[in-house]
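Next come the chains, spelled out residue by residue.
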Amino acid sequence: MQYQRPVLVQQQKLKMSPQLYQSIQMMALPIQELRQKIREELERNPALEIVSEKQALSIDENRPNTEDFDAFENSSDPGYNQSRDREAGDRKQKFLEGALSRSESLHDHLLWQWQLQPVDRDLYETGELLIQNLDHNGFHIEEPSTFLSPRQMERFQEAAERIRQLEPAGTCTANFKESLIVQARLSPAAPDRIEEVIEKHMELLERGRYQDVARKMHIDLEDVDEILEFLRTLNPFPGRLYSSDEVCFVVPDVMVVMLDGEYQPILNDEEVPVLGINDFYTQLLRENKARDQKEVRSFVRDHVKDAQWFIRSVTQRNQTLLRISKAVVEFQRDFFRRGPKYLKPLTLKDIAQAVDVHETTVSRIANSKYIQTEWGIFELKYFFTNSISGAGSTGSQFSKEGVKHRIREIIEEHSSSKRLSDQKIADILAERGIKIARRTVAKYRQELDILSSYDR
């Protein structure tokens, strides 16, 4: 017979508090996201305030110092009439022309044309789904059969043929070969047998083996040249004409400058405001008024405590980033003095031991952070690179990134002479004390997006 009785068990568990979780999150934030996090915390916690911040030029300071300044000078209101001279009209025109606008995307351009087509409702809905399924190249993202109904699949070919004739021609296709074939069919100047060349012999044309194409097709070399000239007038990726990719700007978290003959990292603190505790809340906490204001004291105490912890987390994040940056600069001293090809092998473990923190802390700090140097702006994790043999500091003294830069230099040095094969590049590297296999050279060359000696 079984009995139940209470038993005392002593256990030790590690529980992550909300404050600790916030501190860990703060480590991984780049400078732009840190600013956003600070703004959110300022809105949430009234006990937190900005002590000092780099001031931008105000509107009043930037306003022209004239008595007849008109606030509605650049207004686009058609009901506002002003009897100004021609110069004022030119200023308004420049303002309107300089207004921000969103560029037309491929989908917008095709849908606008598709709305003007004289088609029935079923065909219109089928074509609309096909247009929405196109990627930035103008090709299908998913197979049409996966999202079209059986009734719509019956009209798929008709809708696709109409869309392919819209501007830019050649969209709504599966790949670049099909797009080129569509464009060739739409052009009255297309040479004979060009579709056969696109389907079967594009690889030979890309390698410059024109005689092989002429021999396989039993045509003259002049005919191959004519086909090649026509192909150069086509666009294998027509959708890219309406690409709307936005330019992303990088704000460095750390800047490395020369001070007293040594390279020193400096935090980019101009982007981060200095935080402090609101004096009003500090005063309330010190006064400790009557007991009937217990809820008020509890509210003030909790928010002051949260503000103190948030400030401490931001300070810890900045101090840890600076310590790790100093260690990276010390390890990669040759890089900052002589350039990227002198980048040494470095691991997270090496920096963690030097700074006396855990490897995960180094990983969080290095993620999405940027460092500005004389050689450009690099991700902080760029400086953590493997050696060509061995692991970390126990391996080779040459890093993978450094060897890749040397391979690029060797290829550029011999660009005007005979093109070097991968084996010849490996031999030149061996003469310089870097012994790697030919297949490793080929791998690094492909990562550099450099063609082989045959295709260069």
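Quick note: structure is the one above.
Residues numbered from 1 in each chain as written. Predicted model: local features only at pLDDT ≥ 70, side-chain atom pairs only at ≥ 80, totals over all residues. Heavy atoms only, no water.

Asker: Please give an account of the sheet that holds strand 3 (residues 262–267) that cites residues and values.
Answerer: Spatial strand order, 3-2-5-6: four strands in an open sheet with mixed pairing. Both outer strands of the open sheet, strand 3 and strand 6 (376–379), are each paired with one neighbouring strand and no more. The mean inter-strand angle of the sheet, taken between neighbouring strand axes irrespective of direction, is 30 degrees. (Pairing = 2+ DSSP bridges. Helix = DSSP H or I, 4+ residues; strand = E, 2+ residues; numbered from the N terminus. Axes fitted to C-alpha atoms, helices over the stretch in contact; angles between N-to-C directions.)

Asker: Describe in detail the nonpolar core, supporting the description with residues and values.
Answerer: With 26 residues, the main nonpolar core has I351, L380 and F383 as its most contacted residues. Elements with a contribution of two residues or more to this core: strand 2 (254–259), strand 3, helix 15 (294–331), helix 16 (333–338), helix 17 (348–355) and helix 18 (359–366). It is helix 15 that contributes the most residues to this core, five residues altogether. Those residues in contact with L380, other than ones at most four positions away along the chain, are L321, V328, I365, A366, K369, Y370 and I371. Grouped together as the second largest cluster of nonpolar side chains are 18 residues, I198, M217, I227 and L234 included. (Core = buried A, V, L, I, M, F, W, Y, C linked by side-chain atoms within 4.5 Å. Buried < 20%, exposed > 50% of the residue type's maximum accessible area, 1.4 Å probe, protein only. Contact = heavy atoms within 4.5 Å.)

Asker: Summarise the pairing of strand 2; cite the residues concerned and give the values.
Answerer: Each regular strand shows side chains that alternate between the opposite faces of the sheet. In this sheet, strand 3 lies alongside strand 2 in antiparallel orientation, the contact comprising six bridges. Considered in strand 3, the bridge of V256 is made with P265. If you look at the hairpin formed by strand 2 and strand 3, you'll find two residues sitting between the two strands, and D260 has a positive phi there, around 55 degrees. Pairing analysis gives two bridges linking strand 2 to strand 5 (residues 370–373), with the strands arranged parallel. When the sheet's bridge partners are listed, V254 is paired in strand 5 with I371.

Asker: Can you break down the packing of helix 15 against helix 17 residue by residue, with the values?
Answerer: Close contact between helix 15 and helix 17 brings their axes to 10 Å; oriented N to C, the two are set at 115 degrees. Note that helix 15 runs across helix 17; the crossing there is right-handed. Residue-level inspection shows R323, I324, A327, V328 and F331 of helix 15 in contact with helix 17, the latter providing D350, I351, A354 and V355. Looking at the contact of helix 15 with helix 17 residue by residue, the class counts come to seven nonpolar, no polar and two charged. (Left-handed = near helix turned anticlockwise from the far one by under 90°. Nonpolar A, V, L, I, M, F, W, Y, C, P; charged D, E, K, R; others polar.)

Asker: If you had to explain the pattern of salt bridges to someone new, which residues and values would you point to?
Answerer: Within this structure, the stated rule accounts for 19 salt bridges. Across the pair E262 and R337 runs a salt bridge whose closest N-O atoms are separated by 4.0 Å. With E262 in strand 3 and R337 in helix 16, this residue pair connects regions lying 75 residues apart in the sequence. The exposure class of R337 is partly exposed, given its relative accessible area of 43%. The network of salt bridges with shared partners includes D120, R155 and E158. (Salt bridge = Lys/Arg side-chain N within 4 Å of Asp/Glu carboxyl O.)

Asker: Tell me what's going on with the packing of helix 19 (residues 400–413) against helix 20 (residues 422–431), and back it up with residues and numbers.
Answerer: One way to put it is that helix 19 packs onto helix 20 with a least axis distance of 11 Å and a crossing angle of 115 degrees. As far as their axial angle goes, helix 20 and helix 19 are roughly perpendicular. As for how helix 19 packs across helix 20, the hand of that crossing is right-handed. Contacts between helix 19 and helix 20 involve V403, R406, I407, I410 and I411 on the former and, on the latter, I425, I428 and L429. Of the residues that constitute the contact of helix 19 with helix 20, the class distribution is seven nonpolar, no polar and one charged. (Parallel < 35°, antiparallel > 145°, perpendicular 65-115°, else oblique.)

Asker: Kindly report on the packing of aromatic side chains, identifying the contributing residues and their values.
Answerer: Centre distance and the angle of the planes are the two values used to describe a pair of aromatic rings. Evaluated as defined, the whole model comprises 13 aromatic pairs. Between W114 and Y124, the ring centres sit 6.4 Å apart and the planes meet at 15 degrees, which makes this aromatic pair stacked. A residue pair is termed long-range when its members are at least 10 positions apart, and W114 in helix 5 (residues 106–115) and Y124 in helix 6 (residues 121–132) qualify at ten residues. Judged by its relative accessible area of 23%, Y124 is partly exposed. Their ring planes at 20 degrees and their centres at 5.6 Å tell us that F336 and F383 sit as a pair that is stacked. Of this pair, F336 sits in helix 16 while F383 sits in the loop between strand 6 and helix 19; the two residues are 47 residues apart in sequence, bridging distant segments of the chain. Note on F383: relative accessible area 0%, which makes it buried. (Phe/Tyr/Trp six-rings, centres within 6.5 Å; stacked < 30°, edge-to-face > 60°.)

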